[in-house]
Amino acid sequence: MLKGSCYCGVVRFEVEDAFGYAFFCHCSRCRRRTGAACAAIGGIEIDQVHVTEGREHLLKLGESEEGYRCLCGQCFSPLYDVVRAQRFAHVQLGTLAGVPRRRPDHHIHVAYKAAWHQITDDLPQFDEFPP
């Protein structure tokens, strides 16, 4: 089990160390949301993510049938997105205190990456989503 939290520590959660996939996303939304060149994301079934503290401070944005984004309502740290018809969570790997067994193994939305950023690893790169 991996433990995660927001920047201020008000919202805490646990997630099984059983990510089905992990990737680096270079889309403009992830850059703006994280303030970084890309977001490191791990995907897992939503029932494997459990908020353990601060549920009353969990802010859900953009709720739809497809999903929503979860942030701390106090410090506004992005924690995870509920996606794929609300069946999966895309956990921000930077929120985790431990090291997941599954590491990001590809880059997506490389066609939209920041012009000032150079990808220097040998992981597969996809202009949009992988086939």
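As shown above, the structure is provided for reference.
Here the structure is a predicted model, which means the values were calculated and not measured.

(A) The arrangement of the overall build of the chain in detail. Helix and strand counts for the chain come out as 1 helix and 10 strands. In sequence order, the chain lays out its α and β elements as β-β-β-α-β-β-β-β-β-β-β. Computed over its C-alpha atoms, the radius of gyration of the chain comes to 14 Å, within 12% of the 14 Å expected for a compact globule of 131 residues. For the chain, the spread of C-alpha atoms along the principal axes amounts to about 40 × 30 × 25 Å. Here the chain, with 131 residues, has 44% of them falling under the buried criterion.

(B) Just the pairing of strand β8 (residues 78–83), in detail. Of all 6 residues in β8, 6 are buried; the element is thus mostly enclosed. Where strand β7 (residues 68–72) meets β8, 4 bridges bridge the pair, whose relative direction is antiparallel. Considered in β8, the bridge of tyrosine 68 is made with valine 82. The hairpin formed by β7 and β8 contains 5 residues between the paired strands, and phenylalanine 76 there has a positive phi angle of roughly 65°. When β8 meets strand β9 (residues 88–92), the two strands line up antiparallel, connected through 4 bridges.

(C) View of the sheet that holds strand β10 (residues 107–108). If you walk across this open sheet you meet the 7 strands as β6-β7-β8-β9-β4-β3-β10, and the pairing is mixed. On the outer flanks of this sheet lie β6 (58–61) and β10, each paired with one strand and no other. As judged from the 2 bridges shared by strand β3 (residues 21–25) and β10, these two strands associate in the parallel manner. Considered in β10, the bridge of phenylalanine 24 is made with histidine 107.

(D) Spatial organisation of the side chain of histidine 90. Relative to the helices and strands, histidine 90 is located in strand β9. Within polar-contact distance, the side chain of histidine 90 engages the side chain of tyrosine 21 at 2.8 Å.

Scoring rules and cut-offs
Residues numbered from 1 in each chain as written. Predicted model: local features only at pLDDT ≥ 70, side-chain atom pairs only at ≥ 80, totals over all residues. Heavy atoms only, no water. Helix = DSSP H or I, 4+ residues; strand = E, 2+ residues; numbered from the N terminus. Rg over C-alpha atoms; globule rule 2.2 N^0.38 Å. Buried < 20%, exposed > 50% of the residue type's maximum accessible area, 1.4 Å probe, protein only. Pairing = 2+ DSSP bridges. Polar contact = N/O pair within 3.5 Å; in protein donor to acceptor, adjacent residues only side chain to side chain.

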